[in-house]
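In case you want the letters, here they are:
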Amino acid sequence: MTKKEAELADLLRATVEAMGFALWGLEFRAQGKNSLLRIYIDREAGVQVDDCAQVSRQISGILDVEDPIAGEYSLEVSSPGIDRFLFSIEQCQQYVGEWLEVKLRVPFEGRKNFNGTLVGIEDQDVVVRIDDDEYVLPFDSIDKAKVKPRL
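Reading guide: rules and limits
Residues numbered from 1 in each chain as written. Predicted model: local features only at pLDDT ≥ 70, side-chain atom pairs only at ≥ 80, totals over all residues. Heavy atoms only, no water. Buried < 20%, exposed > 50% of the residue type's maximum accessible area, 1.4 Å probe, protein only. Helix = DSSP H or I, 4+ residues; strand = E, 2+ residues; numbered from the N terminus. Pairing = 2+ DSSP bridges. Right-handed = clockwise from strand over helix to strand, strands pointing away. Phe/Tyr/Trp six-rings, centres within 6.5 Å; stacked < 30°, edge-to-face > 60°. Lys NZ or Arg CZ within 6 Å of the ring centre and 35° of its normal. Axes fitted to C-alpha atoms, helices over the stretch in contact; angles between N-to-C directions. Parallel < 35°, antiparallel > 145°, perpendicular 65-115°, else oblique. Left-handed = near helix turned anticlockwise from the far one by under 90°. Contact = heavy atoms within 4.5 Å. Nonpolar A, V, L, I, M, F, W, Y, C, P; charged D, E, K, R; others polar. Patch = residues over 30% accessible without salt bridge, like charges linked within 9 Å, V, L, I, M, F, W, Y side chains within 5 Å. Areas by Shrake-Rupley, 256 points an atom, 1.4 Å probe, with all protein chains shown as cover. Salt bridge = Lys/Arg side-chain N within 4 Å of Asp/Glu carboxyl O. Lys, Arg positive; Asp, Glu negative; His and termini not counted. Charge placed at Lys NZ, Arg CZ, Asp CG, Glu CD. Expected span 1.5 Å × (residues − 1). Bend = angle between axes of the 7 residues up to and from the residue.

A. Broad picture of the pairing of strand E2 (residues 35-42). Of all eight residues in E2, seven are buried, a share of seventy percent or more. Sheet analysis places strand E1 (residues 22-29) next to E2, joined by seven bridges and oriented antiparallel. Bridge pairing links Glu27 to Arg38 in E2. With antiparallel pairing between neighbouring strands as the criterion, E1 and E2 make up a hairpin whose turn holds five residues, including Gly32 at a positive phi of roughly 65°. In this sheet, strand E3 (residues 73-78) lies alongside E2 in parallel orientation, the contact comprising six bridges. Bridge pairing links Leu36 to Ser74 in E3. Assessed by its sense of winding, the connection that carries the chain from E2 through helix H2 (residues 49-66) to E3 is right-handed.

B. Inspection of the packing of aromatic side chains at higher detail. Applying the stated criterion across every chain, the model contains four aromatic pairs. Here the aromatic cluster, defined as three or more aromatic residues joined through ring pairs, consists of Tyr40, Phe85 and Phe87. Across from the ring centre of Trp24, 4.7 Å away, lies the NZ or CZ of Arg84, which sits over that ring. Over the ring of Phe114 we find Arg111; its NZ or CZ atom is 4.5 Å from the centre of that ring.

C. Layout of the packing of helix H1 (residues 3-18) against H2. Where H1 contacts H2, the two axes come as close as 10 Å, and the packing angle between them is 135°. With respect to H2, the element H1 is oriented oblique. For H1 against H2, the interelement crossing comes out right-handed. Between H1 and H2, the residues in contact are Leu8, Leu11, Leu12, Thr15 and Val16 and Val55, Gln58, Ile59, Ile62, Leu63 and Glu66, respectively. Split into classes, the residues belonging to the contact of H1 with H2 amount to eight nonpolar, two polar and one charged.

D. Focus on a negative patch on the surface. On the surface, a cluster of negative charge is contributed by Glu109, Asp131, Asp132 and Asp133. Structurally, the position occupied by Glu109 is in the loop between strand E4 (99-108) and strand E5 (111-122).

E. Looking closely at H1. Between its terminal C-alpha atoms H1 stretches 24 Å, which fits the 22 Å expected from 16 residues at 1.5 Å a residue. At Leu12, H1 shows its largest bend, some 40°. Taken together, the buried positions of H1 are Glu5, Leu8, Ala9, Leu12, Thr15 and Val16. On its buried side, H1 packs onto E1, E2 and H2.

Following this line, the structure appears as C-alpha cells:
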C-alpha cells in the first residue's frame, strides 16, 4: 500500500466500519486529470449494490470536506468479490490452501509473476507452491495478490 493509499484508508475506515462493513482495501491510481479511487468493502453477510451506493455517498461527503485528492477523480465502491485482491498479510492468512496470482514490483529469481497455491505465511512473507517448488515472497515486494478460486 502506498503512503497515499494508507492516508486514505485511515481517513475512511471509521466511517465504513460505522456503517457495518470492513474496509477490505483500496486502490488509488493517479492518472493525470482522471484519477481513480477504488474502495473494497466487505461483511460476513455479503455486499449488495445498494450497500456500495450508500457507502459511496458517505465517503463522497468526507472526501469533499477533507479534500485529500488533488484534481478530479472517480470513486468506485465495490465488494472484493470471490476472486479478491489481498491487501494485507492477515488477509493472506485466511486463504492458505487457495490458488493465488501474485505480481511482484521487482523480479525475484528472474520473474515477477507467480501463480500457485498459497501454502503458508512465514513472518511477513507468503509461501507459494508452483508445481514442486516453493517460493518465499516478501509481502512488501508484492504489487498485487489475487485469490483465484478453482471451480
